[in-house]
Amino acid sequence: MATIFLKGDYKIREFNITKWNAYRLFEGVIFTHIPAAILLYFLVGIYKTCLFIGLNILTVYAGLFSYRLGFHIYLFNFKKIKNILILGANERAKTVADEIQAKFALKMNVVGFVQEGSHKETLEGGNIPVYVEPENLAAIIKDNKIDIVVIAQPTEMILDIPRGIRIYKMPEFYEMVTGKYYIDEKTITELYYQYMINRSRIYDFCKRAFDIISASIILLVTLPVTAYIAIRVKLIDGASPFFTQTRVGKDGKTFECYKLRTMYVNNYVPKNAEMLNDGADRTIPFCKWIRKAKLDEIPQMVNILKGEMSIVGPRAEWEKFADVYKKDLPYYACRMWVRTGWTGWAHINMQAAYSLNEERERLEYDLYYIKNRNVLWEIGILIKAVFLAVGGRHK
């Protein structure tokens, strides 16, 4: 169960009954049996091991698939839809409503927005009604069988909400639904205050110990593979198999980030954020699987041991890109409050960012991490990142 969870197969969307998700589940079951298969091989021999492991894989897979099929039927046919009422008709209200509507598996329905007379901003268009200055908010809640009220702007109408109705502030609800941090001037101020008062020497010590231990283990375990890749790349074109890029780290300080080279040498330099691409046309053919498994980033363990990076954190950005983002993305520099990471919350939840809009979403993931970071969660992020890399599906 833990292996399947860490592979990301317990996300709601993975419960959809598709051939791809069925294969992902089967792959997860295979992974869970590898340690047992190795142990049994030395105890009872290869024939009994194959027989037992084979039957167990089929049994476990059949049980999990049946459970998922039943859960899928329940989720999309029988689970009660929660009705949401949003107090406010501003950009915050629209943002959280869009997120809810985009995630059908949440089984939530936005019944409407409520606008108070003192607020001038009004949403236009769309198919969600706006209640302007309602005389009886309690009646709206009762008539529409509201389960949750989300407060998107300050209002005295919260005093009219009946007991038994769950109430959330918009940023809190947004985090709960998306796993991202909602960004505006007010929330950034709150995040900075929380970050400052929650700083802890104990956490810093534990995180540094986690970084050193994890980086050392990863370096030792992958040393044979890293050496093989380096030698083969060297033989292809004669250039150094290692290279460095100037990356931006904590407090905006730059450092040289080590990587294994997987592309032919040239002088590619991006001019602006919209020119980003994955460089697939320049990749050395045999290195495509190396990039998918993130083996080209193993040398960054040296950066971690030097204290320039951490195992988990906001991804270290190339200096050329960071200059563009700091200019075009408000509050981008906030992700530099902590050490950049080899992997991170954004890294395991979204694809690489190739535009300003995607980078804005990545920033929301990074700030969510900064708000909620703790060593146990970071251990889980690392393990999940390893499973995604082993499966060749790291985003």
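Whatever comes next refers back to the structure up there.
Okay, so let's go over this structure. Predicted model only: the values in this text are computed from it and were never measured. (Residues numbered from 1 in each chain as written. Predicted model: local features only at pLDDT ≥ 70, side-chain atom pairs only at ≥ 80, totals over all residues. Heavy atoms only, no water.)

## As for the overall build of the protein chain
Then comes step 1: What the protein chain contains, in helices and strands, is 13 helices and 10 strands.
Then comes step 2: Partitioning the contacts of the protein chain with sequence separation of at least 6, the portion at a separation of at least 24 is 70%.
Then comes step 3: Within the structure as shown, the protein chain displays about 21400 Å² of accessible surface, and the carbon and sulfur contribution to it stands at 61%. (Helix = DSSP H or I, 4+ residues; strand = E, 2+ residues; numbered from the N terminus. Contact = heavy atoms within 4.5 Å. Areas by Shrake-Rupley, 256 points an atom, 1.4 Å probe, with all protein chains shown as cover.)

## Some points on the packing of helix α4 (residues 91–102) against helix α6 (residues 170–178)
Then comes step 1: α6 packs onto α4 with a crossing angle of 20° between their chain directions and a minimal axis gap of 10 Å. Here α4 lies roughly parallel to α6, going by the angle between them. Classified by chirality, the crossing of α6 by α4 is left-handed. Contact residues: α4 offers R92, T95, V96, E99 and I100, while α6 offers M170, P171, F173, Y174 and T178. (Axes fitted to C-alpha atoms, helices over the stretch in contact; angles between N-to-C directions. Parallel < 35°, antiparallel > 145°, perpendicular 65-115°, else oblique. Left-handed = near helix turned anticlockwise from the far one by under 90°.)

## Observations concerning the packing of aromatic side chains
Then comes step 1: Across all of its chains, the model carries 16 aromatic pairs by this definition.
Then comes step 2: One aromatic cluster is present, built from ring pairs that chain together W318, F321, Y325 and Y332. (Phe/Tyr/Trp six-rings, centres within 6.5 Å; stacked < 30°, edge-to-face > 60°.)

## Re helix α11 (residues 319–328)
Then comes step 1: Turning to α11, its buried residues number three or more, namely F321, A322, V324 and Y325. What you see down the axis of α11 is that its buried residues fit within an arc of 160°, all on one side.
Then comes step 2: In the core, the buried residues of α11 are packed alongside β6 (242–248), β9 (317–318) and α12 (356–372). (Buried < 20%, exposed > 50% of the residue type's maximum accessible area, 1.4 Å probe, protein only. Arc of directions from axis to C-beta.)

## Brief notes about the pattern of salt bridges
Note on pairing: side chains with opposite charge can pair once their charged atoms come close.
Then comes step 1: Applying the stated criterion across every chain, the model contains 15 salt bridges.
Then comes step 2: Across the pair K180 and E361 runs a salt bridge whose closest N-O atoms are separated by 3.5 Å. Within this pair, whereas K180 is found in the loop between α6 and α7 (185–197), its partner E361 is found in helix α12, the two being separated by 181 residues in sequence.
Then comes step 3: As a salt-bridge pair, K180 and E364 come within 3.8 Å of each other at their nearest N and O atoms. Taken together, the residues span a long stretch of sequence, with K180 in the loop between α6 and α7 and E364 in helix α12 at a distance of 184 residues. E364 carries the same exposure label as K180, and that label is buried.
Then comes step 4: Taken together, the salt bridges that share partners define one network made up of E99, K103, K180, E361 and E364. (Salt bridge = Lys/Arg side-chain N within 4 Å of Asp/Glu carboxyl O.)

## Notes on the environment of T254
Then comes step 1: Take T254: it is sitting in strand β7 (residues 254–260).
Then comes step 2: Counting along the chain gives 62 residues from T254 to A316, while the straight-line C-alpha distance between them is 9.7 Å.
Then comes step 3: In this structure, T254 is in contact with T246, R247, V248 and E319, ignoring residues within four places of it in sequence.

## Description of the sheet that holds β7
Then comes step 1: Taking strand neighbours across the sheet as the criterion, the 3 strands line up as β7-β6-β9 in an open arrangement whose pairing is antiparallel. Looking at the sheet topology across the chains shown, the edges are occupied by β7 and β9.
Then comes step 2: The sheet contact formed by β6 and β7 spans 7 bridges and is antiparallel. Looking at the pairing, T244 lines up with Y258 of β7. (Pairing = 2+ DSSP bridges.)

## What about the side chain of N303?
Then comes step 1: Within the secondary structure, N303 sits in helix α10 (residues 300–305).
Then comes step 2: Residues contacting N303, with those up to four places away along its chain left out, are F255, E256, C257, Y258, E308 and M309.

## Looking at a nonpolar patch on the surface
Then comes step 1: Judged by side-chain polarity, F26, I30, I34, I38, Y41, F42, I46, Y47, L51 and L55 come together as a nonpolar surface patch covering roughly 1100 Å² of accessible area.
Then comes step 2: Broken down by secondary-structure element, the contributors of at least two residues to the nonpolar patch are α2 (19–44) and α3 (46–77).
Then comes step 3: Among the elements that take part in the nonpolar patch, α2 stands out by supplying 6 residues, more than any other.
Then comes step 4: Secondary-structure assignment places L51 in helix α3.
Then comes step 5: Residue L51 is classed as partly exposed on the basis of its relative accessible area of 45%. (Patch = residues over 30% accessible without salt bridge, like charges linked within 9 Å, V, L, I, M, F, W, Y side chains within 5 Å.)

## Brief notes about the nonpolar core
Then comes step 1: Counting 47 residues, the largest nonpolar core has I311, W342 and L367 as the members making the most contacts within it.
Then comes step 2: Contributions of two or more residues to this core are made by α7, α8 (201–237), β7, α10, β8 (310–312), α12 and α13 (375–390).
Then comes step 3: Setting aside residues up to four positions removed in sequence, I311 forms contacts with F210, D211, S214, A215, I218, M301, I304, G341, W342, T343 and L382.
Then comes step 4: Formed by 20 residues, the second largest nonpolar core is a distinct cluster that contains I148, A152, Y174 and Y182. (Core = buried A, V, L, I, M, F, W, Y, C linked by side-chain atoms within 4.5 Å.)

## A word on the sheet that holds strand β3 (residues 130–132)
Then comes step 1: Spatially, 5 strands are ordered β3-β2-β1-β4-β5 in an open sheet, and the strand pairing comes out parallel. Single-partner strands in this sheet number two, and they are β3 and β5 (166–169). For this sheet the average axis-to-axis angle between neighbouring strands, irrespective of direction, equals 25°.
Then comes step 2: Where strand β1 (residues 82–87) lies against strand β4 (residues 148–151), 4 bridges are found, and the strand directions are parallel.

## Some points on unusual backbone geometry
Then comes step 1: Of note, the phi angle at E133 is positive, near 45°, even though the residue is not glycine.
Then comes step 2: Mapping E133 onto the fold places it in the loop between β3 and α5 (137–143).
Then comes step 3: Accessibility expressed as a relative area gives 53% for E133, which makes it exposed.
Then comes step 4: In this model, D251 sits at a positive phi of 60°, which is unusual for a non-glycine residue.

In short, the description is geometric, and any link to function would need to be established separately.
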